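So the chains spell out like this:
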Amino acid sequence: MIVGVPKESYPGERRVALVPMAVPNLIKAGLEVAIEAGAGVEAGYLDAAYAEKGAKILPDRAAVFGAADIVVQVLCYGSNDLTGATDLPLLRRGQVLIGFLRPLGSKEIIEKIAATGVTAFSVELVPRTTRAQAMDALSSMGTICGYKAVVIAADTLPKIFPMLTTAAGTITPARVLIIGAGVAGLQAIATARRLGAVSSAYDLRPAAKEQVQSLGGRFVELPIEAKDAQDARGYGRAQDETFYARQRELLGQVVAQSDVVIAAAVVPGKKSPVLVTKEMVQGMAPGSVIFDLAAERGGNCELTRSGETIVAHGVTIIGRINLASEVPYHASQMYARNVTAFLLNMVKEGKLQLNLQDEIVRETLLTREGEVVNQRVREFFSPPVPVPQGGGR
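Quick summary incoming for the structure in this document. (Residues numbered from 1 in each chain as written. Predicted model: local features only at pLDDT ≥ 70, side-chain atom pairs only at ≥ 80, totals over all residues. Heavy atoms only, no water.)

**What to know about the packing of aromatic side chains**
Applying the stated criterion to the full structure yields four aromatic pairs. Residues Phe121 and Phe342 carry aromatic rings whose centres are separated by 5.5 Å and whose planes lie at 70° to one another, so their mutual orientation is edge-to-face. Of this pair, Phe121 sits in strand 6 (residues 119-122) while Phe342 sits in helix 10 (residues 328-346); the two residues are 221 residues apart in sequence, bridging distant segments of the chain. An angle of 85° between the planes, with centres 5.1 Å apart, marks the rings of Phe380 and Phe381 as edge-to-face. Taking relative accessible area as the criterion, Phe380 reaches 32% and is therefore assigned partly exposed. (Phe/Tyr/Trp six-rings, centres within 6.5 Å; stacked < 30°, edge-to-face > 60°. Helix = DSSP H or I, 4+ residues; strand = E, 2+ residues; numbered from the N terminus. Buried < 20%, exposed > 50% of the residue type's maximum accessible area, 1.4 Å probe, protein only.)

**Description of the pattern of salt bridges**
Within the structure shown, the criterion is met by 16 salt bridges. In this structure, the salt-bridge partner of Glu42 is Lys7, at a minimum N-O distance of 3.6 Å. A residue pair is termed long-range when its members are at least 10 positions apart, and Glu42 in the loop between strand 2 (32-36) and helix 2 (47-52) and Lys7 in the loop between strand 1 (2-5) and helix 1 (23-28) qualify at 35 residues. Given a relative accessible area of 43%, Glu42 falls into the partly exposed group. Shared partners join several salt bridges into a network, and the residues in it are Glu36, Arg61 and Asp87. (Salt bridge = Lys/Arg side-chain N within 4 Å of Asp/Glu carboxyl O.)

**Comments concerning the pairing of strand 1**
Pairing geometry for strand 1 and strand 2, over four bridges, is parallel. Residue pairing in the sheet places Gly4 in a bridge with Ala34 of strand 2. For the crossover that starts at strand 1, traverses helix 1 and ends in the parallel strand 2, the hand is right-handed. With two bridges connecting them, strand 1 and strand 4 (residues 70-75) associate as parallel partners. Bridging from a neighbouring strand, Val3 pairs with Ile70 of strand 4. (Pairing = 2+ DSSP bridges. Right-handed = clockwise from strand over helix to strand, strands pointing away.)

**Topic: the sheet that holds strand 5 (residues 96-100)**
Taking strand neighbours across the sheet as the criterion, the eight strands line up as 3-2-1-4-5-6-18-19 in an open arrangement whose pairing is mixed. The two strands at the open ends of the sheet, each matched to only one other strand, are strand 3 (56-58) and strand 19 (371-372).

**Considering the environment of Met1**
Examined against the element boundaries, Met1 turns out to sit in the segment before strand 1. Take Met1: its relative accessible area is 31%, and that puts it in the partly exposed class. The spatial distance from the C-alpha of Met1 to the C-alpha of Val33 is 8.6 Å, given a sequence separation of 32 residues. With near-sequence residues (within four places) excluded, Met1 lies in contact with Gly30, Leu31, Glu32, Asp69, Ile70, Gly350, Lys351 and Leu352. (Contact = heavy atoms within 4.5 Å.)

**Brief notes about the sheet that holds strand 12 (residues 260-263)**
Strand order in the open sheet formed by seven strands is 11-10-9-12-13-15-14, and the pairing between neighbours is mixed. Edge positions in the sheet fall to strand 11 (218-219) and strand 14 (309-312), since each has one partner strand and no second. Pairing between strand 14 and strand 15 (residues 315-318): four bridges, direction antiparallel. Residue Ala312 lies in a different strand from strand 15, and its bridge partner there is Val315.

Dropping the structure here:
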C-alpha cells in the first residue's frame with residue numbers, strides 16, 4: 001500500500017503531514033511512501049531528505065492522489081474551506097484519507113467528503129486515552145499554539161517579562177493570565193514562566209487546578225461552580241449564559257491586573273464563549289495584550305477579529321489563526337509522529353486492518369462507502385427528538 005503526502009494547499013500553510021524521519025517506520029511496516037515534490041520545503045524538509053529515507057518523489061498533486069491508497073494531509077477539505085474542495089475530484093472510492101477534517105463543522109462538507117466514497121479518519125476525534133496519547137494530534141498542535149502565543153505576546157508587550165534587578169532599579173515581572181487550562185493553556189503557563197513572568201490561570205474545570213500549580217502557575221478560583229464542567233473526553237462543557245455572565249463579572253478584576261491575557265477556552269463543535277468583554281478590555285492598562293487562541297470559533301474576547309490584530313482602548317488584541325503553521329518544523333515533526341502511530345496501529349503486514357472493535361479506529365472513522373458513519377458526528381448533526389407531551393403511558 002502507498003501512503004501519499006500532497007503539499008498543503010491552504011493559503012499560508014507551511015506544515016507537511018509526514019517528515020523524513022517518519023518514512024523508515026512506515027516502510028518497515030510494509031508500506032511505500034510517496035511525497036509531492038516540494039511538500040516539505042516550507043517546513044524545512046527537502047525532497048532529498050525524503051528520498052534518502054526511501055520515499056518516492058512525485059511531480060504534482062494529481063500524481064500523489066492517483067498513486068496513493070492512503071492520503072495523509074494536515075488540513076483536509078473540512079478544515080480547509082478555502083482551497084480544500086479542489087481535492088474532491090482527486091479522491092476515489094475505497095481510498096483512505098487521514099487528517100484534520102473538522103468533523104463538527106459543516107454537515108454539508110462532511111457529506112461531500114462521504115460522497116467521494118473515501119474511508120476518512122478525522123484526527124480531531126482521537127480518543128483521549130493512554131493508548132491513544134501518541135496519536136493525539138489536537139494536543140500536539142495545542143502545545144505548539146500555547147507556546148507560540150506567549151512568545152508573540154511577549155514580543156508585542158511594551159514591557160519585558162522577567163523581573164530584573166539593575167543599576168537603574170528593579171523591574172517587576174509581567175503578569176500573564178491564561179483563561180482555559182487545556183493543552184494550549186498549560187503550555188502557555190509553562191512558556192510564560194520560563195520567560196520569567198508571573199503566571200495565573202483560570203479554568204471552569206476544578207481538575208485543572210493541580211495541573212496549573214504543577215507548572216508553577218497560580219490557579220484563579222472564582223466563587224461559582226460549573227455544572228458538569230467536563231465531558232467524558234476531558235474537554236470543558238458549554239455552560240448557560242447565566243454562568244458566563246457571572247464568570248465575566250468575577251474575571252473582570254483579574255483581567256484588569258494582567259499585562260497579557262491568553263484566552264484558550266474552546267468547546268468542541270460550538271462557538272467560543274465570550275469571557276473578556278469590551279468593558280474588561282477598557283479596564284486594562286494601555287499597552288496590554290490579549291492573544292485570543294479561540295479566534296477561529298468567534299473568540300473569547302468580544303472585540304477579537306478572526307485572523308486580524310487590532311488595537312482597541314490601547315490594548316492589542318491578536319486574533320491570528322492557524323498558529324501551529326508558524327512553527328512548521330516542529331509542528332510537522334509532532335504531527336508526523338501522531339499520524340505514523342495512528343497508521344501503525346491499523347497496518348498489519350503491509351495491509352490496512354479496519355478493526356472496529358478497536359476504540360481508536362471506531363471513534364476516528366468519519367466516512368465509509370459513501371456514508372457518514374461516525375456515531376458522535378451523526379448525533380451532533382441530528383435534530384433532537386421531541387419529547388411526547390402527555391397522553392402516553
